[in-house]
Amino acid sequence: MSHLSELPEKPVVGVSMPHESATLHVTGAALYTDDLVQRTKDVLHAYPVQVMKARGRITALRTAPALAVPGVVRVLTVADVPGVNDAGMKHDEPLFPDEVMFHGHAVAWVLAETLEAARLGAAAVEVEIDERPSLITLREAIAAGSFHGARPVMVTGDVDAGFEDSAHVFSGEFQFSDQEHLYLETHAALAHVDENGQMFVQSSTQHPSETQEIVAHVLGLHSHEVTVQCLRMGGGFGGKEMQPHGFAAVAALGARLTGRPVRVRLNRTQDLTMSGKRHGFHASWRIGFDADGRIRALDATLTADGGWSLDLSEPVVARALCHIDNTYWIPNARIAGRIAKTNKVSNTAFRGFGGPQGMLVIEDIMGRCAPLLGLDPMELRERNFYRQGQSTPYGQPVSHPERISSVWRQVQEDAGAVDRQREIAAFNAAHPHTKRALAVTGIKFGISFNLTAFNQGGALVLIYKDGSVLINHGGTEMGQGLHTKMLQVAATTLGIPLHMVRLAPTRTDKVPNTSATAASSGADLNGAAVKNACEQLRERLLQVAGTQLGANASDVRIVEGVARVVGGDRELAWDDLVRTAYFQRVQLSAAGFYRTEGLHWDAKAFRGSPFKYFSYGAAATEVEVDGFTGAYRIRRVDIVHDVGDSLSPLIDIGQVEGGFVQGAGWLTLEDLRWDTGDGPNRGRLLTQAASTYKLPSFSEMPEEFHVRLMENATEEGAVYGSKAVGEPPLMLAFSVREALRQAAAAFGPCGVSVELASPATPEAVYWAIEAARGQAARRDGPAQGGSRIPADASAVSDV
């Protein structure tokens with residue numbers, strides 16, 4: 001076992017415990033960025049001047065009317081920027097634009113003594129634009145050839161030969177929706193300047209180092225003149241990886257120019273209309289199967305809706321291509337990716353980061369093609385699982401492929417799938433207007449940033465003379481429990497009780513050049529860095545303990561706060577050991593560092609091994625659908641998920657549950673709508689609030705919900721044998737959509753293949769039911785191996 005994975009005696013990791021801030025959360029005592037405003041003197045409030053047109057060149061911007069509003073102190077415009085007028089890493093996101101690129105684009109910011117004064121001031125600013133044609137939908141952009149960024153192509157094997165060898169070939173299209181993060185805490189920042197001109201920014205950000213970098217270049221400063229701190233976030237889900245930078249820069253610019261603290265906090269409508277979403281995708285595909293239902297070839301083009309600027313669209317598309325295989329071996333593949341440029345908010349990272357979109361394409365294909373091949377969907381999926389020695393289309397060997405089958409069999413056993421399928425068949429036969437279905441889907445999700453350089457983490461650990469320990473690391477807490485895990489890692493490595501360790505807020509002046517808390521890598525990178533720092537300290541203390549106990553340092557162990565000689569009875573308490581080390585002038589602080597080894601990636605060739613390992617899981621979902629309305633309920637969900645040796649089981653189970661429900665929301669409920677007409681509100685987001693954008697709530701929770709963490713799943717080479725958990729469970733929700741597809745198909749003749757929109761809202765399910773019913777009259781015989789396909793299905797066969 002590797003040094004990184006090896007567990008010491010009586011570890012604190014692996015123990016179920018509540019979130020470190022759980023009590024603060026439920027009592028309202030937890031502080032978030034905007035809570036600090038009440039603790040700060042003379043704060044100015046910033047309010048955006050939004051232009052409610054989808055696209056147009058600014059021809060006039062008059063701020064004088066705003067300055068006449070009582071309480072308004074200043075209006076920030078492009079003329080005030082001392083550095084670079086850009087809030088993005090691609091230099092395509094001007095902080096103060098001269099062209100409006102989406103409905104609600106902010107072109108200036110008003111600073112005032114009160115939020116109401118700032119609002120009135122923003123309303124008084126006069127903006128004239130030369131309105132221009134806009135592209136709102138993905139199909140409009142594709143038709144217009146409006147693309148930006150890289151256009152990668154992933155190729156493996158001989159695709160043409162693969163199709164020639166296929167007994168069944170199908171093709172089709174699939175467009176599926178974007179998704180709003182709807183974190184509880186909207187974007188917020190609070191900036192002030194100290195007596196030395198140092199800029200200090202409190203930001204609700206997943207990437208403090210990048211926020212620091214953007215603020216510095218907007219202000220024309222060096223990074224060491226800007227400090228960014230993140231106490232915690234009230235949710236992030238990827239929406240605060242890139243998007244907070246501009247809001248922090250506005251606050252910092254205002255503070256620099258006025259000499260007063262400046263607060264930016266978006267209300268819900270502003271957050272929804274100004275910040276990016278999960279990328280919606282369009283997919284066109286062609287797939288070939290052999291006579292036994294095994295995939296021989298896949299040719300597909302994935303088009304992401306990037307919005308008006310690139311943001312993170314390029315790596316999102318790259319990860320989508322890297323995950324289109326999911327758990328299936330595809331020997332011959334040609335997958336192209338591209339990014340559509342539309343006049344909508346710039347879409348960004350969202351839990352799964354393109355992985356869900358790529359995996360949804362292949363799962364949709366499998367669900368549509370299984371009945372055409374005369375196979376049960378579970379059987380088709382299982383026949384195509386990866387096996388030992390096989391590699392992904394981008395050339396990375398699949399490690400532990402046996403776990404794909406292991407979680408698959410375990411979830412079927414836990415769910416009693418065989419017996420329940422018989423019960424469902426009997427129920428459906430007896431109920432012509434209500435149908436049930438049980439679907440099982442699996443996942444294989446790669447863990448690491450696609451960009452190799454991001455796979456590094458840092459930490460700073462301090463031991464004080466009284467034996468108490470303070471840890472700093474580069475990760476941010478957004479409710480996912482990262483800080484809880486880091487406390488457990490530190491206590492385990494040092495060999496002390498958990499109560500002796502405290503964690504400091506994430507700050508760029510403690511741990512520099514950090515990566516975003518994203519890609520499910522927070523615990524992997526920061527945990528290994530914390531472990532490294534603690535190991536340095538422990539080794540120094542073991543030398544001191546060995547001297548005090550009259551033994552070799554290698555024979556001393558620190559367990560539960562006591563240093564003991566192996567096989568002996570002499571011992572030294574932690575507090576005494578630390579105090580002794582101090583008087584011997586032993587350094588009691590250490591900077592830890594970790595870089596993920598074994599990664600390599602050629603973005604141009606689209607080949608390499610970009611992931612440290614794969615996370616596996618499987619879910620079985622049973623639904624019941626009403627044939628009159630399309631309304632449905634989730635009767636039961638069973639999940640088996642691979643998190644390696646869990647660092648904190650209670651946290652991980654919560655992440656699996658939350659990820660699954662968020663995924664189910666994306667696939668079944670959350671329906672972003674935009675005004676696509678030619679009227680004055682073209683491009684306007686119509687679902688601007690929780691009243692019009694439906695999120696999963698308690699009423700959408702499964703009536704039965706069972707989650708099991710895979711046992712005996714140590715991940716060699718990861719911190720204490722653990723695996724990431726943040727993103728992978730979201731894709732387990734594919735089982736919900738596939739169950740809905742199968743239930744809709746049950747209203748039609750045997751072997752019918754139905755299309756199902758995503759999100760699969762009750763309306764969409766109803767139309768799928770109607771399509772299934774309608775096929776009975778139009779078919780002149782049952783489907784035979786995919787050679788006979790209903791006229792209204794988009795899947796076609798050339799057999």
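Parameters at a glance
- Residues numbered from 1 in each chain as written.
- Predicted model: local features only at pLDDT ≥ 70, side-chain atom pairs only at ≥ 80, totals over all residues.
- Heavy atoms only, no water.
- Helix = DSSP H or I, 4+ residues; strand = E, 2+ residues; numbered from the N terminus.
- Rg over C-alpha atoms; globule rule 2.2 N^0.38 Å.
- Buried < 20%, exposed > 50% of the residue type's maximum accessible area, 1.4 Å probe, protein only.
- Contact = heavy atoms within 4.5 Å.
- Areas by Shrake-Rupley, 256 points an atom, 1.4 Å probe, with all protein chains shown as cover.
- Axes fitted to C-alpha atoms, helices over the stretch in contact; angles between N-to-C directions.
- Parallel < 35°, antiparallel > 145°, perpendicular 65-115°, else oblique.
- Left-handed = near helix turned anticlockwise from the far one by under 90°.
- Nonpolar A, V, L, I, M, F, W, Y, C, P; charged D, E, K, R; others polar.
- Disulfide = S-S within 2.5 Å.
- Pairing = 2+ DSSP bridges.
- Expected span 1.5 Å × (residues − 1).
- pLDDT = per-residue confidence, 0-100.
- Polar contact = N/O pair within 3.5 Å; in protein donor to acceptor, adjacent residues only side chain to side chain.
- Salt bridge = Lys/Arg side-chain N within 4 Å of Asp/Glu carboxyl O.
- Phe/Tyr/Trp six-rings, centres within 6.5 Å; stacked < 30°, edge-to-face > 60°.
- Lys NZ or Arg CZ within 6 Å of the ring centre and 35° of its normal.

## Examining the overall build of the protein
- Of the regular secondary structure elements, the protein holds 19 helices and 30 strands.
- The C-alpha radius of gyration of the protein comes to 28 Å, within 12% of the 28 Å expected for a compact globule of 799 residues.
- With the principal axes as the frame, the protein shows a C-alpha extent of 90 × 80 × 50 Å.
- Across the 799 residues that make up the protein, the buried fraction comes to 61%.
- Across the protein, every contact between residues at least 6 apart in sequence was considered, and the portion connecting residues at least 24 apart equals 81%.
- When the accessible surface of the protein is split by element, carbon and sulfur atoms take 51% of a total near 29,000 Å².

## Describing the packing of helix 6 (residues 208–219) against helix 7 (residues 244–258)
- Here helix 6 crosses helix 7 at 45°, and the two axes come no closer than 9 Å. Put simply, helix 6 runs oblique to helix 7. In this structure, helix 6 meets helix 7 at a crossing whose hand is right-handed. Contacts between helix 6 and helix 7 involve Glu-210, Thr-211, Ile-214, Val-215, Val-218 and Leu-219 from the first element and His-245, Ala-248, Ala-249, Ala-252, Leu-253 and Arg-256 from the second.
- Here the residues of the contact of helix 6 with helix 7 sort into eight nonpolar, two polar and two charged.

## Remarks on the state of the cysteines
- Within the structure shown, the criterion is met by zero disulfides.
- The closest cysteine sulfur to the non-disulfide-bonded Cys-369 is located on Cys-750, 17 Å from its own sulfur.
- Classification of Cys-369 as buried rests on a relative accessible area of 0%.

## Observations concerning the sheet that holds strand 23 (residues 571–573)
- Read from one edge of the open sheet, three strands run 21-22-23, paired in antiparallel fashion. With partners counted over all chains shown, the strands left at the sheet margins are strand 21 (556–559) and strand 23, one partner each. Across the sheet, the mean angle from the axis of one strand to that of its neighbour is 20°, orientation sign disregarded.
- Here strand 21 pairs with strand 22 (residues 562–565) via four bridges, running antiparallel. Residue pairing in the sheet places Arg-557 in a bridge with Arg-564 of strand 22.
- Each of strand 21, strand 22 and strand 23 touches helix 15 (residues 522–549); the most contacted strand, strand 21, lies at about 115° to it.

## Thoughts on helix 18 (residues 734–745)
- In this model helix 18 runs 17 Å from its N-terminal to its C-terminal C-alpha over twelve residues, within 8% of the 16 Å that 1.5 Å per residue would give.
- For helix 18, the tally of buried residues reaches eleven of twelve residues, placing the bulk of the element in the interior.
- All of the buried residues along helix 18 are Phe-734, Ser-735, Val-736, Arg-737, Glu-738, Ala-739, Leu-740, Arg-741, Ala-743, Ala-744 and Ala-745.

## Let's talk about the confidence of the model for the protein
- Across the protein, the average pLDDT comes to 96, with 97% of residues at 70 or higher.
- Low pLDDT (under 50) marks residues 780–799, which in the prediction has 48 contacts with non-local residues, meaning those over four places away or in another chain.

## Focus: the side chain of Ser-309
- Topologically, Ser-309 is positioned in the loop between strand 14 (295–307) and helix 9 (313–322).
- Here the side chain of Ser-309 touches Glu-93 through a polar contact of 3.5 Å, side chain to side chain.
- Residues in contact with Ser-309, not counting those within four places in the same chain, are Asp-92, Glu-93, His-148 and Ser-346.

## Quick word on the pattern of salt bridges
- With the rule as written, the count across this model stands at 56 salt bridges.
- Arg-119 is the salt-bridge partner of Glu-116, the closest N and O atoms lying 2.6 Å from each other. Pair noted here: Glu-116 and Arg-119 are both in helix 3 (residues 115–124), with a separation of three residues, about one helical turn.
- The partner of Lys-694 in a salt bridge is Glu-700, and the shortest N-O contact between them spans 3.4 Å.
- One salt-bridge network, held together by shared partners, links Glu-363, Asp-364, Arg-368, Arg-381, Arg-737, Glu-738 and Arg-741.

## Re the pairing of strand 7 (residues 153–156)
- Here strand 7 shows one buried face, formed by Met-154 and Thr-156, and one open face, formed by Val-153 and Val-155.
- Direction of pairing for strand 7 relative to strand 15 (residues 333–341): antiparallel, over a ladder of four bridges. Note on strand 15: the bridge partner recorded for Val-153 is Ala-336.

## Overview of the packing of aromatic side chains
- As enumerated under the stated definition, the model contains 16 aromatic pairs in all.
- Ring pairs connect the aromatic residues Tyr-394, Trp-601, Phe-606, Phe-611 and Phe-614, which therefore count as one cluster.
- Positioned above the aromatic ring of Tyr-32 is the side chain of Arg-232, whose terminal nitrogen or guanidinium carbon lies 5.8 Å from the ring centre.
- Positioned above the aromatic ring of Tyr-183, the side-chain terminus of Lys-240 is 4.6 Å from the ring centre.

## Things to note about unusual backbone geometry
- Look at the link from Ser-758 to Pro-759: it is a cis peptide, with omega at 10°.
- Turning to its location among the elements, Pro-759 is positioned in the loop between helix 18 and helix 19 (762–778).
- The residue Asn-513 is not glycine, and still its phi comes out positive at about 55°.
- In this fold, Asn-513 is placed in the loop between strand 20 (506–507) and helix 15.
- Judged by relative accessible area, Asn-513 falls into the exposed class, the value being 63%.

## Observations concerning the side chain of His-483
- As for its placement among the helices and strands, His-483 is situated in helix 14 (residues 482–494).
- Given a relative accessible area of 5%, His-483 falls into the buried group.
- Engagement of the side chain of His-483 in a polar contact is seen with the side chain of His-473, the distance being 3.1 Å.
- Here His-483 is in contact with Glu-20, His-473, Gly-475, Thr-476, Glu-477, Leu-503 and Thr-506, once residues within four sequence places are set aside.

## Topic: the sheet that holds strand 18 (residues 469–473)
- Read from one edge of the open sheet, four strands run 19-18-17-24, paired in mixed fashion. Where the open sheet ends on each side, the last strands, each with one partner, are strand 19 (501–503) and strand 24 (589–595). The sheet shows a mean angle of 25° between the axes of neighbouring strands, direction not considered.
- As judged from the five bridges shared by strand 17 (residues 456–463) and strand 18, these two strands associate in the antiparallel manner. For Val-461, the partnering residue across the bridge sits in strand 18 and is Ile-471.

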